[in-house]
Every structure is written in structure tokens, then in C-alpha cells.
Amino acid sequence: MDWCRIAVFPWPPQAHLRSGEALPYCPGTSGIGEFLSCCRRQIPRFVLLSSASLFSLQDQEGVEMTSYLRRFVYLVVDGKRPRTLDLHRIDMSRFFTQRSPLIGEAMDARLPRPKMTFCAPSSEHCSGTMHFMLLGRDKVLATDPTGRSSIYDAGLHALCTTPALSKPKHRPLHVAVGDRLYVLDSTQNDVVSESEPSFEVIAYESVRAPDGFQYNDWRCHSLPMPPCRPTNISSYAVVGNSDIWVSADDEGTYSFDTSGGAWVKKGDWTLPFRGLAHYVSEYKLWFGLSSKNNIFSAFDLTRQQSPPVLLNVLEDIGPQKKWLPITSFLVHLGSTRFCIAKLFCIDDDDRKKKLAVFTGVEVEPLCETSKGLRMVKRKSLCYKLGDNILNHFVF
């Protein structure tokens, strides 16, 4: 485990530990409890904290000071039995213990045993798929084509029932704003009507039960649809801690105010990345996969009324061999760390097999005097997914 020395300067008394978790500490040194105590008493101290610590401090205005680091990334693929999907939990801490021994190559690794197996309903119109979204760090929201949902807590290995979504989501786009999850269905077909609500927020809040008692539970609230066609949405990001920007091809970019609940058009331009881009407070930039070449890049979205600027094309992580690329995923682990997961298909004895290559990367300045950034590749592992894998999710 890597340890870092942190100087504790006078801090606002309102600083608090948002995640509410105890942190690992190095024997003989101060832990997070004493760290926060020194902050409140404004006593300068030096403490040692694990670089894998999962915490985030906020000042009195609620501005995030540091980012927590996620330890696990989740991979969902088809199970061995029909209509089943296996949830695997990849421990990313092992990716940052040392640099990859061979740059550009990935070491073979065994896929961890499934933490949970889900059974998907099927019909003549549905092949038995599901969709998965992350709530916080360890809670996985699973939804089926009927709109029913449940939450699996991987940390507790416990399952929680949740209210059904306001309508089924066939191709959901989802993003977290604070402790709320916003889900937008980007599919329109004979099953999904354009006039029906397809955008909603999932929040944990107080609910009054029929017996008159108050309970804390998950609830879903319908929201207005964006003014663009959902099928054209290709990229989205959270800007300013409260606005969700979405770009639709040939239609422009729109912003949804999560506080006021209204959509406004930002411009006729589109965001220069695909999928979700992640904000990194250390550099005040957004990081995502470029829409032109699918390369990990940095973007500036601070200019509100003009097209975003692509600042840095960091580096492409190519396949080890001549594999056929299928798709790519970018997962923000917190602070300046990311996981880039790429899926490939190979022909082996007339059988199509799929591989998943997970790579841990870190963003660092080129030098002290330069504003440029570079991507530092850590470890890269290759997992064999087996034959006839149709469903794959990484988050």
C-alpha cells in the first residue's frame, strides 16, 4: 500500500468527512480521526494517509477540496447459464502498485469469481438483458426491461428492493450529481413512446408509509425530457456541480439545471467526446474519450457560451495483438486516476472469443513549468471472457 505525507494547515471548522468512513492508517502515525480533529482545532500537523483512502473533504461553502479514490471497478458479462449475468468486482488497487512491466502489453489474469448473479426476464421481444448503474461506490442498481429494479450492495453483499422506475429504460444514459442518480432513456422504438416521460432521478429520501411512520428509502421522480431527440445523444457531462450537459448529433448541446428542473440550449456545437466525461478538480478539466479517435483526452468546458476546447490528447492504449476492438469504457477512480477498459474480439478455431483489457492510468503534469499533461500508464491486465458474450458493462 502506498502512503503519502499530507500537511494539515488551519482549516475551516465546518470541514467534515463526507463519506463517513474510517480510513486505514499506518501504525505509529495519525489516522483520519486525529487528522479531522486537528482540522477543527486548526492545529498544523503532518499525518500519513493511504493513497487508496476513500474520502472527500469540503469547505464551508461545499466546494470539494479532494477527491476520494475508488478501489473497485465492476464488470458485468453473460453468465454460464441462459439469461444470467455475472457481476465481477475488479480490485484496482493492484493496478497502481507498480508500472506495467512491458509498455503496450497486458499480462494475462484470471477473472475474479462473480460477486452476484442476476437473472433477466425474457420474451419473444426481449433477449433477456439488463442494465446496471453505480450508486455511490459499492451500490449497483440493476434494472430489467420491465422497469423493475433492485440494488446490490457489494460491500455488504446484500440485496435491497427498490421501487420500479417510472418507465422501462432500454438504453439508459446515467450520471450522478451529488448523491442522486439521473437516468435518461436514449431509445425510441415501438415499445417506447416519445410522449411518455423517459428521464428521471433516483434519490434516497424520507418516505411516509401507509402506517404513518417515516422511512428512508429510494424513490424515483420523473423529469422533463430534453428538447433534442434522445437517440442522437452522444456525449454528456456534469458541469458546475449541478448542470447536466448533453450533446445530440446535428442538434447541439443542451443543459439541464438539476436545481430548477429546466432545460436550456447552450449552442449548436457538440461536446468533443463520446459518452460521459469526468471532472478532475486538481486540473479543473474534464477527461473523456475523444469523439474523433476514441483516445483518452482532456477538455475545457468552462467557457459557457462557446464550443469546448480539446486541450490534451494524452495517449492511446492499443491492443497487444491484431484484435478487433468492440468498445471502450472510461471509469474515474477519483483524483487523477482512471481505469480504461477495452473489449476485443478474436477468432480462435472458428470461435469468437472476447477479451477485456483493464489498464490503470494516472494524469500528471509534463513538468513544473509546463501547463501540459501526460498520461502515466500503470498496470494492464487481460481477462478472458469466454465464448458468445453478448452483454458487457463496465462501471
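To start, this report covers the structure provided alongside it. The model shown is predicted, which means the values in this text are computed figures rather than measured ones.

1. Quick word on the sheet that holds strand E12 (residues 158-161)
Strand order in the open sheet formed by 4 strands is E9-E10-E11-E12, and the pairing between neighbours is antiparallel. Only two strands of the sheet have a single neighbouring strand rather than two, namely strand E9 (131-135) and E12. Ignoring which end each strand starts from, the neighbouring axes of this sheet average 25° apart. As defined by bridge partners, strand E11 (residues 149-153) adjoins E12 across 4 bridges and the pair is classed as antiparallel. Bridge pairing in E12 places Ile151 opposite Cys160.

2. A word on the sheet that holds strand E6 (residues 84-91)
Ordered in space as E8-E6-E5-E29, the 4 strands form an open sheet in which the pairing is antiparallel. Two strands in the sheet have a free side with no partner beyond their single neighbour: strand E8 (116-119) and strand E29 (392-394). Averaged over all pairs of adjacent strands, the angle between their axes in this sheet comes to 20°, without regard to strand direction. In terms of strand pairing, strand E5 (residues 72-78) meets E6 through 7 bridges, oriented antiparallel. Looking across to E6, one finds that Val76 is bridged to Leu87.

3. Description of empty space enclosed by the protein
All told, the structure shown has 4 cavities of 30 Å³ or more when counted by the stated rule. Its volume calculated, the largest cavity comes out at about 90 Å³. Lining the largest cavity we find Leu173, His174, Val175, Tyr182, Leu184, Phe199, Tyr236, Ile244, Val246 and Trp263. Mapped onto the lining of the largest cavity, the elements with two or more residues apiece are strand E13 (172-177), strand E14 (180-185) and strand E18 (243-248). The residue inventory of the lining of the largest cavity, partitioned by class, reads 9 nonpolar, 1 polar and no charged.

The rules behind these values
- Residues numbered from 1 in each chain as written.
- Predicted model: local features only at pLDDT ≥ 70, side-chain atom pairs only at ≥ 80, totals over all residues.
- Heavy atoms only, no water.
- Pairing = 2+ DSSP bridges.
- Helix = DSSP H or I, 4+ residues; strand = E, 2+ residues; numbered from the N terminus.
- Axes fitted to C-alpha atoms, helices over the stretch in contact; angles between N-to-C directions.
- 1 Å grid on protein atoms, 1.4 Å probe; cavity = no way out; pocket = protein on both sides within 12 Å on 5 of 7 lines; lining within 4 Å.
- Points joined across faces, edges and corners; volume = space filled by probe spheres on them.
- Nonpolar A, V, L, I, M, F, W, Y, C, P; charged D, E, K, R; others polar.

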